[in-house]
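Letter by letter, the chains look like this.
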Amino acid sequence: MKRLLPLFLCLIFALTARSEMVDPSLTQYFQAPSLFNPAAAGSTDLMRIRVGSRMQWIGIDGAPRDFLATADVPFKLINRRWGAGVAMVQETIGLYQTLSMGVQLSGRQKIGKGYLSFGLQAAYLNQQFKGSKVVIPDDDDYHESTDDAIPTQDVTGQGFDMNIGLTYTHRLFTLGLACTHLLSPQVKMRREGSEGSSGSGEQEWLFPFDRTLYFTAESNIPIKNTLFEVLPSLMVRTDLASFQADVTARLRWKKFLTAGLGYRTQDALSVMLEGEFKGITLGYSYDYSLSPIMRATSGSHEVWVGYSLKLNFGEKNRNAHKSIRLM
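For clarity, every value in this text was computed on a predicted model and none was experimentally measured.

## Remarks on the side chain of T70
Position of T70 among the secondary structure elements: in strand β2 (residues 65-77). Overall, T70 belongs to the buried group, its relative accessible area being 5%. Non-local contacts of T70, meaning those with residues more than four positions away in its chain, are made with A32, S34, L35, R48, I49, R50, V86 and A87.

Written as structure tokens, this is what we have:
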């Protein structure tokens, strides 16, 4: 396990090329860490389920709309701790709709005073473009209705993708490093219902999914002699051509009510509120845009709902009781 980190870094940087980030930008990225890093699946003693929705740039037609869901659970096999999970992302931007559904597996090893986890995700991709809704005005000086590069019918395609990740979990902090779209797949879209191939003269349109690197860090700092905790966190992502960072500071009271502020570089300021009761979590955030797009939008909204159940990994069940026949 000690050799995984340098090998992991060499693999990612050797494969990563100039690209455009295609993953959604999430304000509450800490709600579902396994969404971008499969090593986070099963990293706690909790079975976790999270469902989220993001409505970006309200008031702008065709702005991104995201629906996201994750579930993960730890388990023991051959006297070792493992984690399993599933992740789903559906995003609609303009006439494009992207669906990714993945299964995750992670394993962990004690290193120093913490645990190093390594995870993989295999995913199915589905990409659609609503070419039937394309409208090109007659007075458009830049596009022609006969341009073969613009589909005039609905087209769709499927592909296979992989994510890879590492996390290091300590009592005081958690660090993560991941790469999404490791294979950098290019989905070939064809007319819906078409069985043709490039060799049969059927026209194809390519949609690339480019590799993106993620670094995350979070901590839990109790305030002495109070019922409050400070929860700072950070997410940085880059494709080595563009860069984006989210910095978040949250304050939690009695492990029940959490409020916080966030900043996304060259994009938005955020406020967030979260409540947790008996394993049920409800989180909301609002983004105020700092870019020129603020003139056309009232902001972005994001909502998360989750459920967590603590699992017992002790060798014996402390709550075991004798059969009444033997008493």
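## Looking at the environment of T297
Structurally, the position occupied by T297 is in the loop between β16 (280-289) and β17 (300-310). Residues T297 and A63, 234 residues apart in the sequence, show an inter-C-alpha distance of 9.9 Å. When neighbours within four sequence positions are excluded, T297 is seen to be in contact with W57, I58 and I60. For T297, the side chain forms a polar contact with the main-chain oxygen of I58, separated by 2.8 Å.

## Re the pairing of strand β12 (residues 228-238)
Sheet faces and side chains relate simply in a regular strand, where the side chains alternate between the two faces. As paired strands, strand β10 (residues 212-219) and β12 are joined by 6 bridges and run antiparallel to one another. Within the sheet, the bridge partner assigned to F215 lies in β12 and is V236. Connecting strand β11 (residues 221-222) to the next strand, β12, in antiparallel fashion are 5 residues, including N225 with a positive phi near 65°. As paired elements, β12 and strand β13 (residues 243-253) share 11 bridges and run antiparallel to each other. Bridge pairing in β13 places L234 opposite V247. Hairpin connection from β12 to β13: 4 residues lie between these consecutive antiparallel strands, with L240 at a positive phi of about 70°.

## Quick notes on the packing of aromatic side chains
Tallied over the full model, the rule gives 7 aromatic pairs. Centroid distance Y96 to F207: 5.5 Å. Interplanar angle 50°. Geometry classified as tilted. In this pair, Y96 is assigned in strand β4 (residues 96-111) and F207 in strand β9 (residues 205-208), connecting sequence segments 111 residues apart. Here the aromatic cluster, defined as three or more aromatic residues joined through ring pairs, consists of Y96, F129, F207 and F209. Here the guanidinium or amino end of K110 rests over the ring plane of Y115, the centre of that ring lying 5.0 Å away. Residue placement shows R250 over the ring face of F30; its charged tip is 3.7 Å from the ring centre.

Cut-off values and rules
Residues numbered from 1 in each chain as written. Predicted model: local features only at pLDDT ≥ 70, side-chain atom pairs only at ≥ 80, totals over all residues. Heavy atoms only, no water. Helix = DSSP H or I, 4+ residues; strand = E, 2+ residues; numbered from the N terminus. Buried < 20%, exposed > 50% of the residue type's maximum accessible area, 1.4 Å probe, protein only. Contact = heavy atoms within 4.5 Å. Polar contact = N/O pair within 3.5 Å; in protein donor to acceptor, adjacent residues only side chain to side chain. Pairing = 2+ DSSP bridges. Phe/Tyr/Trp six-rings, centres within 6.5 Å; stacked < 30°, edge-to-face > 60°. Lys NZ or Arg CZ within 6 Å of the ring centre and 35° of its normal.

From the geometry alone we can't say anything about function, so treat these as descriptive.
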